[in-house]
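For reference, the chains in residue letters:
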Amino acid sequence: MFKAIGKQIKIIWSQIVTLWLVFLHLFKKADTVEYPDVQPYMFPRWRGRIVLTRDPDGEERCVACNLCAVACPVDCIALQKTEDENGRWYPEFFRINFSRCIMCGFCEEACPTHAIQLTPDFEMAEYVRQDMVWEKEHMLINGTGKYHDYNFYRVAGKAIGGKGKGEARNELPPVDRRSLLP
Amino acid sequence: MFSFEVGSLLNIAVVLGAGLAVSVMMIWVERRFLGFWSDRLGPNRVGPFGIFQVIADAIKMLFKEDWIPPFSDKFTFVLAPMILPIVMLMALAVIPFAPGVGVMDLNIGLLWIFAMAGLASYSTMLGGLASNNKFSLLGSLRGTGQMISYEVFMGISILGVVILADSFTLRDIVESQRDGWYVVPQFFGFIVFTVAGLAESHRWPFDLPESEAEIISGYNTEYSGMKFGLFMIGEYIAMVVMALLMPVLFFGGWHAPFGLEFGTPLISGLFWMSVKAGFFLLFFILVRAALVRPRYDQLMSYGWLVMLPLSLINLLVTGAIVLYQAG
């Protein structure tokens, strides 16, 4: 009898303690981040909206090699290669369907010219589904993104207008194979 | 200025309007405080402090599809949600707010409130029954069992107050507490009444009829739109009635504590009454934020094995002391 009463008192006491401890939370600072008013700090390497960058000379970095499209696990990248009068390769169109993109960053890893890069922009909601498909003019930015000094054509051996064979950085002049004959 | 008189048209309008307004505002107050107590902010986007969340909720509820399931008993299905708010507003009518403020003054005021609370259980019962849904039926079954068993010692727990005040009229009960609140001599009665009041108004942790984790909202599973809204508003009115009944029965009603009276009796009475009722409203919300829901057998055994003996002993001792003092 007394044991049972003691047990009940213990139960009620525990409830009262619970009430008091929860009440004290009234004076604690809320954990809520009021998002649209308070913007969160985004890390530079955050994998968000995809951009196409330009090299330090202001030319398009993308050489339309299609490696990003191949690496993409959800096949959301579509592009078509074309060439300008100087022999530079560039994409005729470059299309990313952001409703499919899973922000894995494989395209960035695959890119040999640092052209395609992921940025910390994560606010990608749209009202119309078709607006999720972005073309090159939407994605091409006027900067170098995360890699400031890299210019593919300065280090690559490909000859383009204004830069012949053997004139790239760290590149030896081409060898005349016939002069090597014994 | 004009003088208030119980039952005048102005009085009825003010009490009804204020009661409904407070009940509706409780939607916002409850969500806000639940937020604070779980380290969140609660609804704070619509209007100052999020106060217009109520309007947003009401608009949402009014424009939702009002669906009556084809397999339900249509007449009862429509009738059930109406019972709860109507009955609870009728219970609100006998509450004495201040000297001269109140809708009616029945000499069986307390019994009236119990009758209305008893009728309110039909809302739960018919709602679950008419839905023709197994979970709803389970919910209404639970609700009915809970209401019947908790009403028993809810009644017994306040008999101590009735003995001390020698009246069933709520105004007399308040008036007889001028010199001392009944919470002191009737402490166990107060505890039992609080628990039973929570159970009567289906508040947490006694929301077993509609526990959404086990039986998906129980008796109101099939309800949508404003029919569900009526259930919800009815529950909030019940909560307000309980919070008003608590000071009337145990905390001296409109009497100021420690002689802190000011102004006219009307202003002071309304002020202290709302302060006390507000305290209990917040207490109910705190209980919801803190305590967990018991199992159904725990609820029942707790009611019959702990609460009923406690209230009976309380009644017995109170009666014995009153008889002894009377000589």
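The structure this text deals with has already been given above.
In what follows, the accompanying structure is described. The structure presented is a predicted model; accordingly, all values stated were derived computationally and were not measured. (Residues numbered from 1 in each chain as written. Chains lettered and ligands numbered in written order. Predicted model: local features only at pLDDT ≥ 70, side-chain atom pairs only at ≥ 80, totals over all residues.)

Moving on to the overall build of chain A. When helices and strands are tallied, chain A shows 5 helices and 5 strands. Mapped from its N terminus to its C terminus, chain A presents α and β elements in the order α-β-α-β-β-α-β-β-α-α. Taken over the C-alpha trace, chain A has a radius of gyration of 29 Å; the compact-globule value for 182 residues is 16 Å, which it surpasses by more than 25%. In terms of principal-axis extent, the alpha carbons of chain A reach across some 115 × 45 × 30 Å. Within chain A, counting contacts between residues at least 6 apart in sequence, those at least 24 apart form 69% of the total. (Helix = DSSP H or I, 4+ residues; strand = E, 2+ residues; numbered from the N terminus. Rg over C-alpha atoms; globule rule 2.2 N^0.38 Å. Contact = placed C-beta atoms within 7 Å.)

This part takes up the pairing of strand E3 (residues 89-97) of chain A. Residue and element names in this part refer to chain A. As paired elements, strand E2 (residues 77-83) and E3 share 7 bridges and run antiparallel to each other. Residue pairing for E3: Thr82 is matched across the bridge by Tyr90. The hairpin formed by E2 and E3 contains 5 residues between the paired strands, and Gly87 there has a positive phi angle of roughly 90°. Bridge count between E3 and strand E5 (residues 133-134): 2 bridges; the pairing is antiparallel. Among the inter-strand pairings, Asn97 is bridged to a residue of E5, identified as Val133. (Pairing = 2+ DSSP bridges.)

Further remarks concern the environment of B:Val103. Looking at where B:Val103 falls in the secondary structure, it is placed in the loop between helix H3 (74-93) and helix H4 (109-131). With 94 residues separating them in the primary sequence, B:Val103 and B:Leu9 have C-alpha atoms 8.6 Å apart.

Moving on to the sheet that holds E5(A). Strand order across the open sheet formed by 3 strands is E2-E3-E5 (chain A), with antiparallel pairing between neighbours. Strands with a single pairing partner mark the edges of an open sheet, and in this sheet they are E2 and E5 of chain A.

So, on to the packing of H3(B) against helix H9 (residues 225-250) of chain B. Residues and elements named next belong to chain B. For the pair H3 and H9, the least separation of the axes is 8 Å and the interaxial angle reads 25°. One finds that H3 runs roughly parallel with respect to H9. Along this stretch, H3 crosses H9, giving a crossing that reads as left-handed. Contact with H3, carried on its side by Pro81, Met82, Leu84, Pro85, Met88, Leu89, Ala91 and Leu92, involves Lys227, Leu230, Phe231, Ile233, Gly234, Ile237, Ala238 and Val241 of H9 and no other residues of that element. Partitioning the contact of H3 with H9 into residue classes produces 14 nonpolar, 1 polar and 1 charged. (Axes fitted to C-alpha atoms, helices over the stretch in contact; angles between N-to-C directions. Parallel < 35°, antiparallel > 145°, perpendicular 65-115°, else oblique. Left-handed = near helix turned anticlockwise from the far one by under 90°. Nonpolar A, V, L, I, M, F, W, Y, C, P; charged D, E, K, R; others polar.)

Here the focus is the packing of H4(B) against helix H5 (residues 134-165) of chain B. All names here are of chain B. Packing of H4 against H5 brings their axes to within 8 Å, and their N-to-C directions diverge by 175°. By the criterion of interaxial angle, the relationship of H4 to H5 is roughly antiparallel. Residues Leu110, Phe114, Ala117, Gly118, Ser121, Thr124, Met125, Gly127, Gly128, Leu129 and Ser131 of H4 touch H5, and the partners they reach there are Ser136, Leu137, Gly139, Ser140, Gly143, Thr144, Met147, Glu151, Gly155, Ile158 and Val162. Taken together, the residues of the contact of H4 with H5 break down into 9 nonpolar, 12 polar and 1 charged.

Turning to the nonpolar core, a few remarks are in order. Ranked by size, the top nonpolar core spans 84 residues in total, and within it B:Met88, B:Val241, B:Ala243 and B:Leu249 carry the most contacts. If one sorts the elements of this core by residue count, H9(B) sits on top with 18 residues. Those residues in contact with B:Leu249, other than ones at most four positions away along the chain, are B:Ile158, B:Val161, B:Ile173, B:Tyr182 and B:Phe193. Grouped together as the second largest cluster of nonpolar side chains are 19 residues, A:Cys62, A:Cys111, A:Ile116 and A:Tyr153 included. (Core = buried A, V, L, I, M, F, W, Y, C linked by C-beta atoms within 7 Å. Buried ≥ 20, exposed ≤ 12 C-beta atoms within 10 Å, placed from the backbone.)

Here the focus is unusual backbone geometry. Residues and elements named next belong to chain A. If you check the backbone angles, Ala64 has positive phi at about 55° while not being a glycine. Summarising the element assignment, Ala64 is placed in the loop between strand E1 (50-52) and helix H2 (67-71). Overall, Ala64 belongs to the buried group, with 21 C-beta atoms counted inside 10 Å. One non-glycine residue with positive phi stands out, namely Asn66, at about 75°. Structurally, the position occupied by Asn66 is in the loop between E1 and H2.

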